[in-house]
Amino acid sequence: MIPEDVRREQLEAWDQQHVWHPFTPMQSYMVEQPLIISHGHGCYLVDLDGREYIDGVSSLWCNLHGHRVAELDAALRTQLDRVAHSTLLGQGNIPSTLLARRLVEIAPPGLSRVFFSDDGATAVEVALKMAFQYWRQVDPPRPQKTRYLSLQAAYHGDTLGAVAVGDLARFHHLFAPLLFPVHHAASPHCYRCPLGLRRESCGLACADEMVALIARHAGELAAVVLEPSMQAAAGMIPLPEGYLRRVREATRQHGVLLIADEVAVGFGRTGRMFACEHEEVTPDFLCLAKGLTGGYLPLAATLTTEQIFQAFLRPEHTFFHGHTYTGNQLGCAVALANLELMPMRLKQLPVLIQRTHEHLQRIASLPHVGDIRQRGLMVGIELVADRATKQPFAPERRLGAMVCRAARQRGVLIRPLGDVVVVMPPLAIDMATLDRLMQVVYEVIAEVKA
Ligand SMILES: *Cc1c(COP(=O)(O)O)cnc(C)c1O
């Protein structure tokens, strides 16, 4: 509700005058009619005019059960009656202890230590720094292992360490002078294969390349970092089956740590609780955020193994990293309630994934759809000017953004990645709302003209 002494026009003006929006071209934002969310329910968000929108990208990939979920609201209220926050530096609290225990129980086997932070980027920073420090403290020390290997087009967050291992030209290259050097392996992008091969006959040559890079640089590599199952912000690029397992085998064989960034793909998005499960892989670090609280509060966790933790057990060894709100009780309480709901969600997922797949087959026949990429309820629809040559549209047309604006007119909120239209509804979406969402996506893409 807008406070009674503030007019609606005033609120909109203040938003444009004072709020600097993330990943938003502010020049155009300031001249467009702003969309200001007033409240939400289920898979819908409602604006100041009372117009309802389907939350088609889960409020940027984090919402799982919809908005104003009774169980999550209750968990927060109960915790509020006890305490909102106390520090985790040198002392514990009840929800963070219970949450750490639960995460260890459900994570891939072998991950037994949980370091809390606030966002996906910090979950990755923590893993990068822990890996670095591990090699200095391990017996015998390997202080020359200071480098990282990540995938081309990777996105791991916006703090500088996370940007360094990232490789999205539009987001990252400007900051190059501030970043440490990183090795990049070709993105395993089957639609636009960097090796010019075809999936049917390639024999996973990109994985061979990756393995060769690991072998060649093992002496200086602290860790490989990647997103299992799907490179999300890169444009929803699915990793071919078997790729992750090959990377795990090679990193183990050559004494390199593996950081799995499941910030986007974790918590059921790909159909399993964690994407690593598809290939029965246990990484050395598992980075979690976005879905951890079901989309309610900022909270992140970096899980790691006893082996890593043991290297920090000498009196002179402390991991000098932490954030003021690390292990915040409200975040941990709602995360626990989120985990309680997950088994039911995971059970309902296969029919939703199948229905999404059926809608996508219809969308695939539209003239400007070049490729459709789906993992569970994560979908990328790549629009191209010419299907035969895969020729993209001119970037200055900002076609993806245009398509998403048209969807907003029809009551659907989605956000593109360039000309890749992303659809990632809350896992709790009901069939009728999913049908409506996919119908709107079909219509707005059908209207695209050369
Ligand atoms: C969103 C994202 C991040 C960054 O998370 P924030 O909470 O925005 O800092 C990191 N890695 C991946 C794979 C992401 O999708």
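Residues numbered from 1 in each chain as written. Predicted model: local features only at pLDDT ≥ 70, side-chain atom pairs only at ≥ 80, totals over all residues. Heavy atoms only, no water.

Engineer: I would appreciate a short explanation of the overall build of the protein chain in the present structure.
Structural biologist: Scanning the protein chain from terminus to terminus reveals 14 helices and 17 strands. A globule of 450 residues ought to have a C-alpha radius of gyration of about 22 Å, and the protein chain, at 22 Å, matches this closely. Expressed as lengths along the three principal axes of its C-alpha atoms, the size of the protein chain is roughly 65 × 60 × 45 Å. When the 450 residues of the protein chain are sorted by exposure, 54% land in the buried category. Sequence-distant contacts, at least 24 apart, represent 71% of the contacts inside the protein chain between residues at least 6 apart. Summed over its atoms, the accessible surface of the protein chain is roughly 20400 Å², and 56% of this surface lies on carbon and sulfur atoms. (Helix = DSSP H or I, 4+ residues; strand = E, 2+ residues; numbered from the N terminus. Rg over C-alpha atoms; globule rule 2.2 N^0.38 Å. Buried < 20%, exposed > 50% of the residue type's maximum accessible area, 1.4 Å probe, protein only. Contact = heavy atoms within 4.5 Å. Areas by Shrake-Rupley, 256 points an atom, 1.4 Å probe, with all protein chains shown as cover.)

Engineer: How should the site of the ligand be read in this particular structure?
Structural biologist: As a matter of local geometry, the ligand sits amid Trp 61, Asp 119, Gly 120, Ala 121, Tyr 155, His 156, Gly 157, Glu 227, Asp 261, Val 263, Ala 264 and Lys 290. Within the backbone of Gly 120, a nitrogen or oxygen atom sits 2.8 Å from an oxygen atom of the ligand. Here a nitrogen atom of the ligand sits 2.7 Å away from a polar atom, N or O, in the side chain of Asp 261. Calculation on the ligand without its partners gives an accessible area of 380 Å², and the protein chains cover 84% of this total. Across the shell around the ligand, the residue classes break down as 5 nonpolar, 3 polar and 4 charged. (Near = heavy atom within 4 Å. Polar contact = N/O pair within 3.5 Å; in protein donor to acceptor, adjacent residues only side chain to side chain. Nonpolar A, V, L, I, M, F, W, Y, C, P; charged D, E, K, R; others polar.)

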